[in-house]
Amino acid sequence: MSKVTIYSPPSAAQVKNCTADFDLRHAPVPIHLVQFDKTIPILAVALYKGGTAYKLPEDAEANVRMGKRNNLYVYNPVLGCNEGRTLVYVAVTPQMTTQDGVFYPILEVLAGGGVAGTSPLQLVIQRNPVQEGDLEDTSEAQTLADLVSQAAASANAAADSARIVQENKDAIQNANENIEAIKAAPANAKAAAASAKEARSWAVGDTASRPGEGMDNAKYYAALAQQVSQGAVGWYPNYEALYAAHDTGYDGNWAIVGDTDTIWVWDSDTGVWKDTGESSKFANYYDKTQIDENFYGKAQIDANFYNKTQIDENFYDKTQIDAKLPKPVTVTVAASAWTSGDYTVSWDDGSTTSYTTCATVTVAGVTADSRIAVSDRTRVTDAVRMVAALEPGAGAVKFYTNAAPTSAAVFVLEVSQ
């Protein structure tokens, strides 16, 4: 382990502010991350002891401890501290965001031969819609050098990304303006490929996509027509007339015999003309009308592709997406709003917690089914720290604590339906 030294986050870092207290156990402010976030998010943890700012000793070491649901863990040193040694920086590593859900890591400080742990932080890790299959969920214990190296690499990557965006801003704008056509392109390409394959099946017959295509395609009939035209010896009313005109022949020679209305071919193995039984009227071949019936026309192709109206109906537009995003709402809980009583709050995991004080604040648009969370933009004050839990109600939000604040607590809430 290394002593905690002065550290400044890189400009590309996304710094998320939170607090931890060695004595008090207030409800932590949620820190929102997404599965597989790493390195760019850095937690800036303000240290307190009994509500008063705590300064790390010069010889102190500090680590983050985090357990996961599968009994694996994270145990890493902090990146460093600010110059006043009252704020420590924690890197978000890949193993901290492999699972979605709510997790409660703590900080531990080692100084003077002893160890002290803080109140828990609260990491709310949302599920990533695209899961990674190559990231193994393991325990993790890194060195400070590992974490600093990761943070530096991420900063460089972010700088490169910013440069690339700036250099290609016109192309990005064009892509944004044509996003609906871009989203439809994969489906159109897939349909076009299928149509091309079907067209080749009927023209050449080498796709193995339908039964009998080897003898039911334009290439086969063209070869047959060439063979027929080059080997024809004529029409004869009967076999005797054919034999009288051609008592010998060659492979590929053929004739039409009138009294059978069939095609006769020369068989060089036996030296005679043989009746194939195939009609000379080409009854077994497709004519133009039949071929037209077996190919898609423009109207049929159009009917099998999505047009712009259909695509618009099957994709969310910007207004619909925005309507589903959490809305920030500022709520003030006055010191006079608190009422004493016996209150119980039920959590998502089935557990409950009892509280002795509750405040109900009217908030337009909130229902009992709403999802609410404390935004990172909430300014952490002593009054805010004393609030332990909150839950939505019909047109209101309820706040709970075991000791009512003596001043107003102002929260920025993220509300979604």
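Being a predicted model, the structure only gives us computed values, none of them experimental.

J.: Would you explain the pattern of salt bridges in this entry?
T.: Any two side chains of opposite charge can pair, so long as their charged atoms come close to each other. In this structure the tally under the stated criterion is nine salt bridges. Notably, a salt bridge pairs Lys 68 with Asp 137, separated by 2.6 Å at the nearest N-O pair. One end of the pair, Lys 68, is in the loop between strand S5 (61-67) and strand S6 (73-77); the other, Asp 137, is in the loop between strand S12 (122-126) and helix H1 (144-167), with 69 residues separating them in the sequence. For Asp 137, a relative accessible area of 24% gives the class partly exposed.

J.: Mind showing me how you'd approach the side chain of Glu 140 here?
T.: Looking at where Glu 140 falls in the secondary structure, it is placed in the loop between S12 and H1. For the buried Glu 140, no salt bridge is present, and the opposite-charge side chain at shortest range is Lys 68, 6.9 Å distant. A polar atom in the side chain of Glu 140 sits 3.0 Å from the side chain of Asn 76.

J.: Explain the pairing of S6 here, please?
T.: Burial analysis of S6 places four of its five residues in the buried class, the great majority of the element. Pairing of S5 with S6 involves five bridges; the strand directions are antiparallel. Among the inter-strand pairings, Val 64 is bridged to a residue of S6, identified as Asn 76. Here S5 folds back onto S6, and the loop between the two strands holds five residues, one of which, Asn 71, carries a positive phi near 70°.

J.: How should the nonpolar core be read in this particular structure?
T.: The tendency in soluble globular proteins is for nonpolar side chains to be buried as a group. Counting residues in hydrophobic clusters, the biggest one holds 27 residues, and the most contacted among them are Leu 43, Val 45, Leu 56, Val 88, Val 90, Leu 107 and Leu 123. For this core, the elements supplying multiple residues, two or more each, are strand S1 (14-21), strand S2 (30-34), strand S3 (41-49), S5, strand S8 (87-91), strand S10 (106-111) and S12. In contact with Leu 56, not counting residues within four places along its chain, are Val 4, Leu 47, Cys 81, Arg 85, Val 88 and Val 109. Listed in part, the 19 residues of the second largest apolar core include Ala 359, Ile 372, Val 387 and Leu 413.

J.: Explanation requested: the packing of aromatic side chains in the structure shown.
T.: Given two aromatic rings, their pairing is described by the distance between the two centres and the angle made by the two planes. As enumerated under the stated definition, the model contains eight aromatic pairs in all. Clustering of aromatic rings is evident, with ring pairs tying together Tyr 239, Tyr 243 and Trp 264. Above the face of the Trp 202 ring, Arg 210 is positioned so that its terminal group lies 3.6 Å from the ring centre. The ring centre of Tyr 48 lies 4.4 Å from the NZ or CZ of Arg 385, which sits over that ring.

J.: For this particular structure, what's the right way to read a nonpolar patch on the surface?
T.: Residues Tyr 316, Ile 321 and Leu 325 make up a contiguous nonpolar surface patch of about 300 Å² in total accessible area. Structurally, Ile 321 can be placed in helix H9 (residues 318-324). A residue is classified by how much of its surface remains accessible, and Ile 321, at 41% relative accessible area, is partly exposed.

J.: Help me understand the side chain of Lys 16, please; the structure alone is not making it clear to me.
T.: If you trace the backbone, Lys 16 turns up in strand S1. Within the buried core, Lys 16 has no salt-bridge partner, and the shortest N-O distance to an opposite charge, that of Asp 376, equals 4.1 Å. Not counting residues within four places of it along the chain, the set of residues in contact with Lys 16 comprises Ile 31, His 32, Leu 33, Pro 41, Ile 42, Leu 43, Ala 44 and Asp 376.

J.: Help me out: how do you make sense of unusual backbone geometry in this one?
T.: Leave glycine aside and you will find that most residues have negative phi; peptide bonds, for their part, are mostly trans. One non-glycine residue, Arg 85, adopts positive backbone phi at about 60°. The topology assignment puts Arg 85 in the loop between strand S7 (80-81) and S8. Take Arg 85: its relative accessible area is 4%, and that puts it in the buried class.

Reading guide: rules and limits
- Residues numbered from 1 in each chain as written.
- Predicted model: local features only at pLDDT ≥ 70, side-chain atom pairs only at ≥ 80, totals over all residues.
- Heavy atoms only, no water.
- Salt bridge = Lys/Arg side-chain N within 4 Å of Asp/Glu carboxyl O.
- Helix = DSSP H or I, 4+ residues; strand = E, 2+ residues; numbered from the N terminus.
- Buried < 20%, exposed > 50% of the residue type's maximum accessible area, 1.4 Å probe, protein only.
- Lys, Arg positive; Asp, Glu negative; His and termini not counted.
- Polar contact = N/O pair within 3.5 Å; in protein donor to acceptor, adjacent residues only side chain to side chain.
- Pairing = 2+ DSSP bridges.
- Core = buried A, V, L, I, M, F, W, Y, C linked by side-chain atoms within 4.5 Å.
- Contact = heavy atoms within 4.5 Å.
- Phe/Tyr/Trp six-rings, centres within 6.5 Å; stacked < 30°, edge-to-face > 60°.
- Lys NZ or Arg CZ within 6 Å of the ring centre and 35° of its normal.
- Patch = residues over 30% accessible without salt bridge, like charges linked within 9 Å, V, L, I, M, F, W, Y side chains within 5 Å.
- Areas by Shrake-Rupley, 256 points an atom, 1.4 Å probe, with all protein chains shown as cover.

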